Amino acid sequence: MDFVGSVVVLLANHLLWMRYFYHADEYHSLEYILGFFLVSVWLVPFFYFISFASNDGVLPSSASPSGASEERKRQRSALLGMFNLAKKKREEILPKVPVLGDMGASTSNNVKLL
């Protein structure tokens, strides 16, 4: 019964928005209406409900075994290690560019932008 009620409300929502655009005082192009439906009627509610589902696994609970938390810590440290490695490689490959404030007041007339 919940599913049928949800479908009825979904259809009513779409029909009300279509009626709004049909009886609007100003003309709206088809691209504008489709963009409005895509963002406001479909994507925002979809991402809203997805955010509920994705946050369920983040909340701490007493039912989770201690091994799961150790696994998360290990994964997090591995991810941080990859970021640190990428940062070191970037510093090795890319040249150091002096910041304007580091050059001092005496050389401010000789500043060259890359």
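Residues numbered from 1 in each chain as written. Predicted model: local features only at pLDDT ≥ 70, side-chain atom pairs only at ≥ 80, totals over all residues. Heavy atoms only, no water.

Peer 1: What am I meant to see in the packing of aromatic side chains here?
Peer 2: What characterises a pair of aromatic rings is the spacing of the ring centres plus the angle enclosed by the ring planes. A complete count under the given rule lists ten aromatic pairs for this structure. Note on Tyr20 and Phe21: the rings are 5.2 Å apart at their centroids and 75° apart in plane angle, and the pair reads as edge-to-face. What makes Phe21 buried here is its relative accessible area of 10%. Between the aromatic rings of Phe37 and Trp42, the centroid separation amounts to 5.8 Å while the plane-to-plane angle is 55°, which identifies the pairing as tilted. The class for Phe37 is buried, based on a relative accessible area of 5%. Feature note: the residues Trp17, Tyr20, Phe21, Tyr32, Phe36, Phe37 and Trp42 constitute an aromatic cluster, connected by ring pairs. (Phe/Tyr/Trp six-rings, centres within 6.5 Å; stacked < 30°, edge-to-face > 60°. Buried < 20%, exposed > 50% of the residue type's maximum accessible area, 1.4 Å probe, protein only.)

Peer 1: Looking at this structure, I do not really get the confidence of the model for the protein. What am I missing?
Peer 2: Predicted coordinates in areas of low pLDDT are best not read in detail. Per-residue pLDDT for the protein averages 78, and the proportion of residues at 70 or more is 70%. Of all secondary-structure elements in the protein, the lowest mean pLDDT belongs to helix α3 (residues 66-93), at 76, while helix α1 (residues 2-22) reaches the highest, 92. (pLDDT = per-residue confidence, 0-100. Helix = DSSP H or I, 4+ residues; strand = E, 2+ residues; numbered from the N terminus.)

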